[in-house]
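Structural features, examined
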Amino acid sequence: MTVEEQRAGSRVSRPEIRLVRRGFTDPAQAVRLLAGPGLEGLADDPVLLDALGATADPDLALLGLARLLEGADETERHTLRDTLTTSKPLRDRLLGVLGASTALAEHLARHPHDWHALVTFELRDMHPGPDDFRRALREGLAADPAGNRADALRVSYRRCLLAIAARDLTGTTDLAQTAAELADLAGATLQTALDIAAEEDPEAAGACRLAVIGMGKCGGRELNYVSDVDVIFVAEPQDGVDEHEALKAATRLAAALTRLCADTTGEGTIWPVDANLRPEGRNGPLVRTLASHRAYYQRWAKTWEFQALLKARPVAGDAELGAAYLAALEPMVWQAAARDNFVTDVQQMRRRVIDSIPVTELDRQLKLGPGGLRDVEFSVQLLQLVHGRTDPSLRSGNTLEALAALSQGGYVGRADAVSLNTAYRFLRSLEHRIQLHRLRRTHLMPTGEEDQRRLARSLAPLINDDTRADPVAALQREWKRHAVEVRRLHEKLFYRPLLDAVAELPTGATGLTPDRARARLEALGYADPAAALRHLAALASGVSRKAAIQRTLLPVLLGWFADSADPDAGLLNFRQVSDALGRTPWYLRLLRDESAAAEQLARVLSAGRLAPDLLLRAPEAVAMLGDPQGLTPRGRPALEQEILAAVGRADSAPAAVAAARSVRRRELFRTAAADVLGRLGDDPAEALDAAGEALTALNAATLQGALRACTAAWEARHGELPTRIAVIAMGRFGGRELGYGSDADVLFVHEPLLGSLEQDAARAAQAVCHELRTLLSGPSTEPPLVVDADLRPEGRNGPLVRTLASYAAYYRRWSHAWESQALLRAEPVAGDAGLGERFRQLIDPLRYPGAGVPERDVVEIRRIKARIEAERLPRGADPTTHTKIGRGGLADVEWTVQLLQLQHGHELPALRTTRTRPALAAAAEAGLVGAEDAAVLNAAWVLASRVRSAVMLVRGRPGDSFPGDARELAGVARYLGYGAGRSGELVDDYRRTTRRARAVVERLFYG
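Keep in mind it's a predicted model, so treat the numbers as computed, not measured.

To continue, consider helix α2 (residues 14–21). Residues of α2 that are buried: Glu16, Ile17, Leu19 and Val20. Angular distribution of buried residues about the axis of α2 spans 160°; they occupy a single face of the element. Where α2 ends, the next residue or the one after it, Gly23, has phi of about 105°, a positive value.

Okay, the side chain of Ser101 next. Mapped onto the elements, Ser101 comes out in the loop between α7 (88–100) and α8 (102–110). Of the residues examined, Ser101 reaches a relative accessible area of 0% and is grouped as buried. Among the polar contacts listed, one links the side chain of Ser101 to the backbone oxygen of Leu436, at a separation of 2.7 Å. When near neighbours in sequence (up to four residues on either side) are disregarded, Ser101 contacts Leu436 and His437.

Attention now moves to the packing of helix α5 (residues 58–71) against helix α6 (residues 74–86). The contact between α5 and α6 brings their axes to 9 Å, and the two run at 145°. Facing Leu65, Leu68, Leu69 and Glu70 of α5, the residues of α6 in contact are Arg77, Leu80, Arg81 and Leu84.

Here we take up unusual backbone geometry. One non-glycine residue, Arg221, adopts positive backbone phi at about 50°. Within the element layout of this structure, Arg221 appears in the loop between α14 (216–219) and β2 (229–237). The phi torsion at Leu439 lies on the positive side, around 50°, for a residue other than glycine. With respect to the element layout, Leu439 can be found in the loop between α22 (414–438) and α23 (449–458).

With that settled, the discussion passes to the pattern of salt bridges. Throughout the structure, instances matching the rule amount to 66 salt bridges. Two residues, Lys217 and Glu377, come together in a salt bridge whose shortest N-O distance is 3.0 Å. Of this pair, Lys217 sits in helix α14 while Glu377 sits in helix α20 (residues 373–387), and the two are 160 residues apart along the sequence. Residue Lys217 shares its accessibility class with Glu377, and that shared class is buried. For Arg428, the salt bridge goes to Glu431, with nearest N and O atoms at 3.3 Å. Of this pair, Arg428 and Glu431 both sit in helix α22, three residues apart, which is roughly one turn of that helix. Of the two residues, Arg428 and Glu431, neither departs from the other in class, the shared state being buried. When salt bridges with common partners are traced through the structure, they connect Arg634, Glu642, Arg666, Glu667 and Arg670 into a single cluster.

The next subject is helix α35 (residues 684–718). The terminal C-alpha atoms of α35 lie 50 Å apart, and with 35 residues this matches the ideal 51 Å at 1.5 Å per residue to within 8%. Near the N-terminus of α35, the side chain that reaches the backbone nitrogen of Ala685, with its oxygen 3.2 Å away, is that of Asp683. Of the residues trailing α35, Gly719 is marked for its positive phi of about 95°.

Attention shifts here to the packing of helix α28 (residues 545–562) against helix α29 (residues 567–581). Here α28 crosses α29 at 155°, and the two axes come no closer than 10 Å. Considered as vectors, α28 and α29 are oriented roughly antiparallel to each other. Handedness of the crossing formed by α28 with α29: right-handed. Two secondary-structure elements touch here, α28 through Lys546, Gln550, Leu554, Leu557, Leu558, Phe561 and Ala562 and α29 through Pro567, Gly570, Leu571, Phe574, Ser578 and Asp579.

Tallied over the entire structure, the rule returns eleven aromatic pairs. Geometrically, the ring pair formed by Tyr807 and Phe839 is edge-to-face, given 5.2 Å between the ring centres and 85° between the ring planes. Here Tyr807, found in helix α38 (residues 804–813), pairs with Phe839, found in helix α40 (residues 833–847); they are 32 residues apart in sequence, far enough to count as distant. Relative accessible area serves as the criterion here: at 1%, Phe839 is assigned to the buried category. An angle of 75° between the planes, with centres 6.4 Å apart, marks the rings of Trp895 and Phe1005 as edge-to-face. Of this pair, Trp895 sits in helix α42 (residues 890–904) while Phe1005 sits in the segment after α46 (983–1004), placing them 110 residues apart in sequence. For the residue pair Trp895 and Phe1005, the accessibility class agrees, reading buried in each case.

Among the nonpolar cores identified, the biggest contains 177 residues, and Tyr297, Tyr325, Phe574, Leu703 and Phe748 are the most heavily contacted of them. In terms of residue count, the dominant contributor to this core is α35 (16 residues). Apart from residues no more than four positions distant in its own chain, Tyr325 is found in contact with Ile213, Ile232, Val234, Leu290, His293, Tyr297 and Leu309. In this structure, Leu69, Leu162, Tyr225 and Ala249 belong to the second largest nonpolar core, which totals 87 residues.

Summarising the element assignment, Tyr990 is placed in helix α46. According to the relative accessible area criterion, Tyr990 is buried, its value standing at 0%. Along the backbone, Tyr990 and Gly889 are 101 residues apart, and their C-alpha atoms lie at a distance of 9.6 Å. If sequence neighbours within four positions are ignored, Tyr990 has contacts with Thr880, Thr881, His882, Thr883, Gly889, Leu943, Ala944, Val947 and Phe962.

The rules behind the values
Each chain carries its own residue numbering, running from 1 in the direction its sequence is written. Selection of residues for local features in this predicted model requires a pLDDT of at least 70, selection of side-chain atom pairs for listing and counting requires 80 or more, and totals for whole chains, interfaces and linings are taken over all residues. Here the side-chain values reflect all heavy atoms present in the structure, with hydrogen atoms and water set aside. Buried, partly exposed and exposed residues are distinguished by accessible area as a fraction of the type maximum, computed with a 1.4 Å probe on protein chains only: under 20%, between the cut-offs, and over 50%, respectively. Per the convention used, a helix needs a DSSP run of H or I reaching at least four residues, while a strand needs a run of E reaching at least two, with both numbered from the N terminus. What the arc describes is the spread of directions from the helix axis to the C-beta atoms. For this analysis, a polar contact is any N or O atom pair within 3.5 Å, provided that within protein one partner can donate a hydrogen and the other can accept it, and provided that sequence-adjacent residues contribute only side-chain to side-chain pairs. Every residue pair with non-hydrogen atoms within 4.5 Å of one another is taken to be in contact. The axes used here are C-alpha line fits, helices contributing only the stretch in contact, and every angle between their N-to-C directions lies in the interval 0 to 180 degrees. Whenever Lys or Arg places a side-chain nitrogen within 4 Å of a carboxyl oxygen from Asp or Glu, that contact is recorded as a salt bridge. Take the number of residues in a helix, subtract one, and multiply by 1.5 Å to get its expected span. Oblique is the label for any angle not under 35 degrees, not over 145, and not in the 65 to 115 range, which are roughly parallel, roughly antiparallel and roughly perpendicular in turn. For a crossing to be left-handed, the near helix must be turned anticlockwise from the far one by less than a right angle; the clockwise case is right-handed. Any Phe, Tyr or Trp ring, taking Trp's six-membered ring, that has another such ring centre within 6.5 Å forms a pair; planes under 30 degrees apart are called stacked, those over 60 apart edge-to-face, and the others tilted. Within this scheme, the nonpolar core is defined by two criteria: the residues are buried Ala, Val, Leu, Ile, Met, Phe, Trp, Tyr or Cys, and they are joined through side-chain atoms within 4.5 Å.

Below is the structure:
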């Protein structure tokens, strides 16, 4: 007993079991239909049953046939039955359509005589063209002269579509021919609709010449069953007609054509005519003259508009005018890749496509999703634009023809071209079958098992697996296989040939010349393509295992580099890292086997200078990219334990501090890499806080290790240190708000041990702290930690270290208002914890005065702030974009918050924090600042802080203003989440945010 019979069991009759064997899923209904009107006597016809069983959906095919026979008159029914039983070609075509398309089955039920089109087109021409379709459409109109001409056009269109679908479903035509016939039918329909419009408005027809230019898939002769038909209208006045009047007349004709195709009354829509690819899109005039088109593309057109023109083709109207349109614009298309904004425009287009996909549809998208049709089309078109400038053989609007030309010309490897061709044909065929079912415009894989089963059976000849056992699983496997292949080739197409140009590769590789390779690199955004080719040659040449693995990795890595603001830097940094680690087995294995690690490395290497510089000092840190927890910043206890252990193993203070600095460099890379890759938090403020915490913990642990080392060195020379020392963090260090370029602002305090002379203790403390600062900032391969003690009493003129009692005496007698303000951010971070706590107790009454701040001190603070704004801004700096002391920048927000802390900290414990944002939140919670004002100040502070971090990450050195270099500014914008080409938008947003903040500061701080 067969599997089908076992499944059926005792629930079905013997005739039903025979139907189950043939693929029917509802045998009971099939039995009823076979016994109904029109099908009587055919229930036992094995030829018909086998033909039904061979369709995509036997149940659907039988239901459609029953409805067709029911709707036909007796003579028509008799003719159809005879033809079904005697003509295998007709039987296969008709049942194939009925089993795949409910929409065409409904059309046949309404118009039973249209089944004859399945014979007529086959007899006329094996490959019908535009003239055949125009003739068929006109015959349809002539057959119903008194009827609704729009409906007659739609019925005739469906009749032609029926013939195309039948030939497609039975394998008489392949995908390329089917798509070409659909495009030819669309052109014929546009021409017929234009003829109708001209007949109904002869005055307009006599005033102008109108050409219809097919765009998109219609222009490329690769149309879908259901798609918007993209067009551009171009017109010229007839002799003696005013241009303005001619354009008005042409617009009437174009609007009438559009309406005839898209009207949803009567027989329904043929398809929407979409003219939005015209100059200025929907905001521009529907029709322009040729001169107007030429002027627009010469002055205003964007890169994507030239890419769209790749597929432009006259399809209807005045053929001579259409040819003139192409002759005028084609030369501009093939110069688009030389435009300054070519790469930016292309990247923006690609991102817009990806961003437009709803998350719920991403895994079902055949067209726009990863590994979808758009990946193939995008790859082919970009290669055409880059190389078509010098190679006319590439100038085709058809994707498969262009792909063949790219392979023939050596721009794409032969094997890759075959794989891409096969994948594209499968995905387009799958898209066609999905659309054909209900004649609806969709690019989504249906979720229903019944729908997927029908698709799998329809596409069985294109599926490698046997679809009989489990059609749905076979379809899914084939779809995913092709999608993965498309993604792989999409990443590879631009970059693998570059390696062929510089490395000795096996026979069968592409023949891209060095000149063409440089042109491709330049088009992809590499500023120095000659240097890039040298790097590729160094990385990929040779027969070593290293070179072989690099050749595998580089096509993908080059794509990631090209997506960054500075591809050249990414490639150079990768070469330097590979030169340092290329012979290390774990490095090559990590990049080869861990795709996430390879991508993270590429992103880090091309995101700026700081992280790569840190990595190049010790390339073995690449290993942390392959560890799932490798980019999680470590807490202070773990850092301090490692640093103190390293210090303890060293035999001198310089060696000990060098070891501490080495740990710091590695952990700086960990934090910077995590930041660049977005691993510190999804919310920008959260990520900023995480980076500040990590950098503060790291600097504090480094100071603790350096203090231990310098203390031990002093004791090795002189005996026990006669004092205890504490390090007090100040400024952003004390606020745990450090950036990558921040100095470590500190105060040093000491307290002589019992029985020690104060003078001896002071000299010892001075020596230890001076050596600590020198060793942490001295020349080294490790990044320096500048320890800045200028906020100490008397500044640079005062002693580097004071006793706790000296601090108390100074603050009691000489302290200024600004010093109380500075102490708001004081926080013990290293050294003797007890001494640090006593220092905190000493300064609390100064920074949170019980009686509040005297008015004279408020005036003094405001005066100092105004003086800083007037005198400290660097010459030539723009006050609207200086992040530190510019308008609405960090100083504005921090001084405003700190004034509130001085005024109200004694009565509001929540204000007693060294951190800016928590203090601002506490002030808002207490009603000292309005919620809206607090949000404005918070946004400005976060943005200014992030800009400073971005500048350091991108340039590798601190900066308080936006970089002047375009690439560096683009890198800053990328870090801040702005896409390619949006640097100006970032600067505008910054000015807008800080301008609002400054208005709040004017009210709250200056009163």
